[in-house]
Amino acid sequence: MTAYTATVTVRLKHGVLDPEAKTTQRALDRLGFELSALRSADQYEIDLEAPSTENAREQVTEMADRLLANPTIHDYEVQISER
Amino acid sequence: MIAVVQFGGSNCDRDAVQALEHLGYTAERVWHEDGLPDDTAGIVLPGGFSYGDYLRAGAMAAQSPIMAAIREREQQGVPVLGVCNGAQIGSESGLTPGAFTTNDRARFQCEHVHLRVENAETPWTQQFEQGAVISLPIAHGEGRFEITDERLSTLNANDRVLFRYCDPNGNVTTAANPNGSTDNIAGVLGDRDTTAVLMPHPERATLPSRQQAGTDGQGILHGFGARTPATE
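Residues numbered from 1 in each chain as written. Chains lettered and ligands numbered in written order. Predicted model: local features only at pLDDT ≥ 70, side-chain atom pairs only at ≥ 80, totals over all residues. Heavy atoms only, no water.

1. Remarks on the packing of aromatic side chains
To describe a pair of aromatic rings, you give the distance between the ring centres and the angle between the ring planes.
Residues and elements named next belong to chain B.
Phase 1: Applying the stated rule across the entire model yields 4 aromatic pairs over all chains.
Phase 2: Taking 6.3 Å as the distance between ring centres and 80 degrees as the angle between the ring planes, the aromatic pair formed by Tyr25 and Phe224 counts as edge-to-face. Of this pair, Tyr25 sits in the loop between helix H1 (13-22) and strand S2 (27-31) while Phe224 sits in the segment after helix H5 (217-221), and the two are 199 residues apart along the sequence.
Phase 3: Taking relative accessible area as the criterion, Tyr25 reaches 5% and is therefore assigned buried.
Phase 4: Ring geometry for Phe100 versus Phe145: centroids 5.4 Å apart, planes at 55 degrees, classification tilted. (Phe/Tyr/Trp six-rings, centres within 6.5 Å; stacked < 30°, edge-to-face > 60°. Helix = DSSP H or I, 4+ residues; strand = E, 2+ residues; numbered from the N terminus. Buried < 20%, exposed > 50% of the residue type's maximum accessible area, 1.4 Å probe, protein only.)

2. Considering H1 of chain B
Residue and element names in this part refer to chain B.
Phase 1: Residues Asp13, Ala16, Val17, Ala19 and Leu20 constitute the buried set of H1. With its buried residues spanning 165 degrees around the axis, H1 presents them on a single face.
Phase 2: Looking at the residues trailing H1, positive phi occurs at Gly24, about 100 degrees. (Arc of directions from axis to C-beta.)

3. Concerning the pairing of strand S1 (residues 2-6) of chain B
For a regular strand, side-chain orientation follows a simple rule: the groups alternate between the two sheet faces.
Residue and element names in this part refer to chain B.
Phase 1: Of all the 5 residues making up S1, 5 are buried; the element is thus mostly covered by neighbouring parts of the structure.
Phase 2: Neither face of S1 is open: one carries Ile2, Val4 and Gln6, the other Ala3 and Val5, and all of them are buried.
Phase 3: Bridge analysis of S1 against S2 gives 5 bridges, and the strand direction is parallel. Each bridged residue has a counterpart across the sheet, and for Val5 the counterpart in S2 is Val30.
Phase 4: Running through H1, the crossover from S1 to the neighbouring parallel element S2 is right-handed.
Phase 5: One ladder, built from 3 bridges, connects S1 with strand S3 (residues 42-45); its direction is parallel. Residue pairing across strands places Val4 opposite Val44, the latter belonging to S3. (Pairing = 2+ DSSP bridges. Right-handed = clockwise from strand over helix to strand, strands pointing away.)

4. Observations concerning the sheet that holds strand S2 (residues 41-50) of chain A
All names here are of chain A.
Phase 1: One open sheet accounts for 3 strands, arranged S2-S1-S3; its pairing is antiparallel. The open sheet is flanked by S2 and strand S3 (74-82), the only strands paired with a single partner. For this sheet, the mean inter-axis angle between neighbouring strands, taken without regard to orientation, is 20 degrees.
Phase 2: Here strand S1 (residues 2-12) pairs with S3 via 9 bridges, running antiparallel. Paired with Val8 across the strands is Val78, a residue of S3.
Phase 3: Contacts from helix H2 (residues 53-68) reach S1, S2 and S3 within the one sheet, and its direction differs from that of S2 by about 135 degrees. (Axes fitted to C-alpha atoms, helices over the stretch in contact; angles between N-to-C directions. Contact = heavy atoms within 4.5 Å.)

5. A closer look at the pattern of salt bridges
Residue and element names in this part refer to chain A.
Phase 1: Counted by the stated rule, this structure contains 11 salt bridges over all chains.
Phase 2: Between Arg83 and Asp47 there is a salt bridge, with the nearest N and O atoms lying 3.7 Å from each other. You can see Arg83 sitting in the segment after S3 and its partner Asp47 sitting in strand S2, a full 36 residues away along the chain. Neither Arg83 nor Asp47 differs from the other in exposure class; each is exposed. (Salt bridge = Lys/Arg side-chain N within 4 Å of Asp/Glu carboxyl O.)

6. A closer look at unusual backbone geometry
Residues and elements named next belong to chain B.
Phase 1: The phi angle at Asp53 is positive, at roughly 60 degrees, despite the residue not being glycine.
Phase 2: With respect to the helices, strands and loops of the structure, Asp53 is situated in the loop between S3 and helix H2 (66-75).
Phase 3: Despite not being glycine, Leu55 has its phi angle at roughly 70 degrees, a positive value.

7. Overview of the sheet that holds strand S7 (residues 133-140) of chain B
Residue and element names in this part refer to chain B.
Phase 1: Sheet architecture is open: 9 strands sit in the order S2-S1-S3-S4-S11-S10-S9-S6-S7, paired in mixed fashion. Looking along the sheet, the strands with just one partner apiece sit at the ends: S2 and S7. Neighbour to neighbour, the strand axes of the sheet diverge by 25 degrees on average, direction disregarded.
Phase 2: Here H1 sits on the sheet and contacts S1, S2 and S3; the angle it forms with S2, its principal contact strand, is near 155 degrees.
Phase 3: On the sheet, H2 packs against S1, S3, strand S4 (80-83) and strand S11 (195-198) and is oriented at approximately 135 degrees with respect to S3.

8. Observations concerning the interface of chain B and chain A
Phase 1: Residue-level contacts link 16 residues of chain B with 15 residues of chain A.
Phase 2: Contact between chain B and chain A buries roughly 1200 Å² in total, counting both sides, with carbon and sulfur atoms accounting for 61%.
Phase 3: The three residues of chain B that bury the most area against chain A are Leu55, Arg56 and Arg144 of chain B, which together make up 37% of that side's buried surface.
Phase 4: The interface formed by chain B and chain A includes 0 salt bridges.
Phase 5: Our count for the contact surface shared by chain B and chain A stands at 4 residue pairs in polar contact (both at pLDDT 80 or more).
Phase 6: If you list the elements that add at least two residues to the side of chain B that touches chain A, you get strand S5 (99-101) and strand S8 (144-146) of chain B.
Phase 7: Each residue belonging to the side of chain B that touches chain A can be placed in one class, and the counts come to 5 nonpolar, 6 polar and 5 charged. (Buried area = accessible area lost by both parts, 1.4 Å probe. Polar contact = N/O pair within 3.5 Å; in protein donor to acceptor, adjacent residues only side chain to side chain. Nonpolar A, V, L, I, M, F, W, Y, C, P; charged D, E, K, R; others polar.)

9. What about empty space enclosed by the protein?
Remark: the empty space left among the atoms is shown by a probe the size of a water molecule rolled over them.
All names here are of chain B.
Phase 1: On inspection of all chains with the given rule, the structure shows 1 cavity of 30 Å³ or more.
Phase 2: A volume near 50 Å³ is recorded for the largest cavity.
Phase 3: Considering the residues around the largest cavity, the lining is formed by Cys12, Ala16, Leu20, Val44, Leu45, Pro46, Gly47, Leu81, Val83, Pro202, Glu203 and Leu221.
Phase 4: The class makeup of the residues in the lining of the largest cavity is 10 nonpolar, 1 polar and 1 charged. (1 Å grid on protein atoms, 1.4 Å probe; cavity = no way out; pocket = protein on both sides within 12 Å on 5 of 7 lines; lining within 4 Å. Points joined across faces, edges and corners; volume = space filled by probe spheres on them.)

Written out as structure tokens, the structure reads:
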């Protein structure tokens with residue numbers, strides 16, 4: 001077994017309104033920053049032991065499918081690195 | 001007996017019991033870890049902030065073991081009603097389609113809204129005329145109904161939309177949409193007509209003593225059917 005850290009990034013699908021990002025962008029505007037867009041995402045770091053990178057990826061993908069992301073509104077990305 | 005399922009952070013469970021009892025039903029709060037009683041003839045997923053809305057509103061409660069039992073009863077035709085946080089739990093657990101997420105104005109909306117009855121041929125709406133305008137309170141920060149275009153077409157084609165936010169005259173307009181919901185959708189059915197979720201609170205508009213709220217919620221709660229609990 002190898003120790004891995006998986007990073008799951010969960011984002012709203014393209015085209016799904018993100019009121020929190022919009023509000024944050026407005027606040028940055030108010031602070032005097034100039035920006036053309038702001039997107040928000042949630043990131044989870046998961047430490048796990050697995051026999052291979054592929055297996056770790058499979059496990060974490062299932063975690064994302066079943067809980068971390070909501071497939072109706074989210075896309076997600078999984079990155080695996082050895083710990 | 002109608003089981004009002006209580007999670008950590010539920011806060012409309014007592015209101016639901018009171019409203020149902022007012023209509024003559026036997027209702028009880030059931031702690032989610034205790035499982036469903038054998039004589040459960042109806043299930044309410046009440047409003048509140050289960051698990052502090054961690055991850056997403058309803059996401060944690062949707063993973064509670066009682067949800068498997070609820071799904072089993074649901075498939076046997078036991079009526080299930082999800083209100084507000086209960087609607088979020090319903091969609092997160094896949095009982096009903098779509099998702100409820102952050103209101104478009106990024107604000108908690110607490111107000112009375114008008115709803116147009118879109119399908120009056122369900123247990124939850126048969127007390128109303130098709131196209132009738134009813135009034136119920138809402139109180140939510142994550143009530144914006146989102147759904148993929150594909151599933152939205154199926155929803156419309158199969159007449160699964162229960163209520164749409166509208167103005168007092170029944171016009172479904174952007175101005176009457178309190179949270180940016182897709183197609184002004186406020187409530188939908190699951191696969192069965194006996195399964196429904198909605199963001200507005202029928203239990204808060206049922207007791208005549210709360211005159212300001214009206215009593216339009218009664219018609220929806222009558223969706224639990226015959227008042228003598230039948231387990232058969």
